[in-house]
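Understanding the architecture of this molecule
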Amino acid sequence: NAGVTQTPKFQVLKTGQSMTLQCAQDMNHNSMYWYRQDPGMGLRLIYYSASEGTTDKGEVPNGYNVSRLNKREFSLRLESAAPSQTSVYFCASSEIRANNEQFFGPGTRLTVL
Amino acid sequence: DQQVKQNSPSLSVQEGRISILNCDYTNSMFDYFLWYKKYPAEGPTFLISISSIKDKNEDGRFTVFLNKSAKHLSLHIVPSQPGDSAVYFCAGETGANNLFFGTGTRLTVIP
């Protein structure tokens, strides 16, 4: 039981390059989330998927796209990376109910030069 | 606009003493408040939560207090242990399980 896994762990991009961050969970959760964490700031929600086939914008969606490939997988794509997207990205999953803890992956540290 | 604020970036406490981490919020629509703990190079892990209709929730060494009139909550850890050294995030939850996180407080427990 691996929980939430993310690949890659580290990535360096040049401005304008594209890449996809992968996330998978094996807890059969319906909801999945993508957050970013910047120095001196808390985690901020980029996109979430309440269930397979649905996605919604969070607090900071600009510059990102997501795909809920199936119940297990939720990917985050940067089409044209910018230095402002240098951050640590966390994927999380949870069941759909109130007071529901989210389970987080270990994070992807992305640097855009 | 930061809906959840943790004004103390760091806190140092002696082992065995009480640690008190504070959190303020502005959004009256939060249904729940959650505390997460984060070690370096790992994702946050859930610690304890409280409903907006309660004023206290306890789980072992961890107790969370909520003062709705002051829009303030606090996490008490008694007794503090060196393994508690981590960054603690407070978060408010709205519908659809969306979480709004504070900026975190780094707790150091000194042996």
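Residues numbered from 1 in each chain as written. Chains lettered and ligands numbered in written order. Predicted model: local features only at pLDDT ≥ 70, side-chain atom pairs only at ≥ 80, totals over all residues. Heavy atoms only, no water.

1. Topic: the overall build of chain B
- Of the regular secondary structure elements, chain B holds zero helices and eleven strands.
- Secondary structure elements of chain B occur, N-terminal to C-terminal, as β-β-β-β-β-β-β-β-β-β-β.
- The C-alpha atoms of chain B give 13 Å as radius of gyration, which agrees with the globular expectation for 111 residues (13 Å, within 12%).
- Per-residue burial for chain B yields a buried fraction of 48% across its 111 residues. (Helix = DSSP H or I, 4+ residues; strand = E, 2+ residues; numbered from the N terminus. Rg over C-alpha atoms; globule rule 2.2 N^0.38 Å. Buried < 20%, exposed > 50% of the residue type's maximum accessible area, 1.4 Å probe, protein only.)

2. Observations concerning the pairing of strand 9 (residues 86-93) of chain B
All names here are of chain B.
- Burial runs high along strand 9: eight of the eight residues are buried.
- Summarising the sheet, strand 4 (residues 32-38) and strand 9 pair through seven bridges and their orientation is antiparallel. Note on strand 9: the bridge partner recorded for Leu34 is Ala91.
- Alignment of strand 9 against strand 11 (residues 105-110), held across three bridges, turns out to be antiparallel. (Pairing = 2+ DSSP bridges.)

3. Things to note about the pairing of strand 9 (residues 87-94) of chain A
Residue and element names in this part refer to chain A.
- Burial within strand 9 is extensive, with eight of its eight residues counted as buried.
- Side chains Ser87, Tyr89, Cys91 and Ser93 of strand 9 all project onto a buried face; the interleaved residues Val88, Phe90, Ala92 and Ser94 project onto the opposite face, where all are buried too.
- Sheet topology note: the strand 4 (residues 31-37)/strand 9 ladder contains seven bridges and is antiparallel. Considered in strand 9, the bridge of Arg36 is made with Tyr89.
- Inspection of the sheet shows strand 9 paired to strand 11 (residues 108-112) by three bridges, in the antiparallel sense. Opposite Val88, over in strand 11, you have Arg109 as the bridge partner.
- Across two bridges, the pairing between strand 9 and strand 10 (residues 103-104) is antiparallel. Note on strand 10: the bridge partner recorded for Ala92 is Phe104.

4. Comments concerning a nonpolar patch on the surface
- There is a patch of nonpolar side chains on the surface, built from Ile18, Ile20 and Val78 of chain B and spanning about 230 Å² of accessible area.
- Relative to the assigned elements, Ile20 of chain B resides in strand 3 (residues 19-25). (Patch = residues over 30% accessible without salt bridge, like charges linked within 9 Å, V, L, I, M, F, W, Y side chains within 5 Å. Areas by Shrake-Rupley, 256 points an atom, 1.4 Å probe, with all protein chains shown as cover. Salt bridge = Lys/Arg side-chain N within 4 Å of Asp/Glu carboxyl O.)

5. A look at the sheet that holds strand 1 (residues 4-7) of chain A
Residue and element names in this part refer to chain A.
- Spatially, four strands are ordered 1-3-8-7 in an open sheet, and the strand pairing comes out antiparallel. The sheet is open, and its two borders are formed by strand 1 and strand 7 (64-68), each paired with just one other strand. The mean inter-strand angle of the sheet, taken between neighbouring strand axes irrespective of direction, is 20°.
- In the sheet, strand 1 pairs with strand 3 (residues 19-25) via four bridges, with the strands oriented antiparallel. Within the sheet, the bridge partner assigned to Gln6 lies in strand 3 and is Cys23. (Axes fitted to C-alpha atoms, helices over the stretch in contact; angles between N-to-C directions.)

6. Here we look at the sheet that holds strand 3 of chain B
- The strand order across the open sheet formed by five strands is 1-3-8-7-6 (chain B), and the pairing between neighbours is antiparallel. The sheet is open, and its two borders are formed by strand 1 (4-5) and strand 6 (56-59) of chain B, each paired with just one other strand.

7. Examining unusual backbone geometry
- Backbone torsion omega between Thr7 of chain A and Pro8 of chain A reads -5°, so that peptide bond is classified as cis.
- Here Pro8 of chain A lies in the loop between strand 1 and strand 2 (10-13).
- In this model, Val78 of chain B is joined to Pro79 of chain B through a cis peptide bond whose omega is -10°.
- Its location among the elements puts Pro79 of chain B in the loop between strand 8 (72-77) and strand 9.
- Even without being glycine, Ala41 of chain B reaches a positive phi, approximately 65°.
- With respect to the secondary-structure elements, Ala41 of chain B resides in the loop between strand 4 and strand 5 (45-51).

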